Amino acid sequence: MGGVSIWHWIVVGVIVMLLFGRGKVSELMGDVAKGIKSFKKGMADDDEPATPPSATPADPRVIDQATTSNPAAAKAEHKA
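Residues numbered from 1 in each chain as written. Predicted model: local features only at pLDDT ≥ 70, side-chain atom pairs only at ≥ 80, totals over all residues. Heavy atoms only, no water.

Turning our eyes to something else, we now look at the overall build of the protein chain. Counting its secondary structure elements, the protein chain contains three helices and zero strands. For the protein chain, the α and β elements follow one another from N to C terminus as α-α-α. Total accessible area computed for the protein chain in this model is approximately 7,900 Å², and 66% of it derives from carbon and sulfur atoms. (Helix = DSSP H or I, 4+ residues; strand = E, 2+ residues; numbered from the N terminus. Areas by Shrake-Rupley, 256 points an atom, 1.4 Å probe, with all protein chains shown as cover.)

The following block contains the structure:
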């Protein structure tokens, strides 16, 4: 008694067609198909590897030879 048979689905389908008409239902299904295609395209775009960053370092610095040869002087300059 509580089961849903094919006749229940047919009655529901007829009622939906009467309320919305064939045009609205076909437009709705077309929009759903477009959404699925867009979703699949977006998922495929995520799978592509990103382009590697450029070869330049993120924080280029000039290293002075005087500071590397004398660590005490380097610390003093860093604190100043």
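On we go.
Chain-level statistics for the protein chain give a pLDDT mean of 75 and a share of 56% at 70 or above. Averaged pLDDT values for the elements of the protein chain fall to 54 in helix α2 (residues 65–69) and rise to 87 in helix α1 (residues 6–47). (pLDDT = per-residue confidence, 0-100.)

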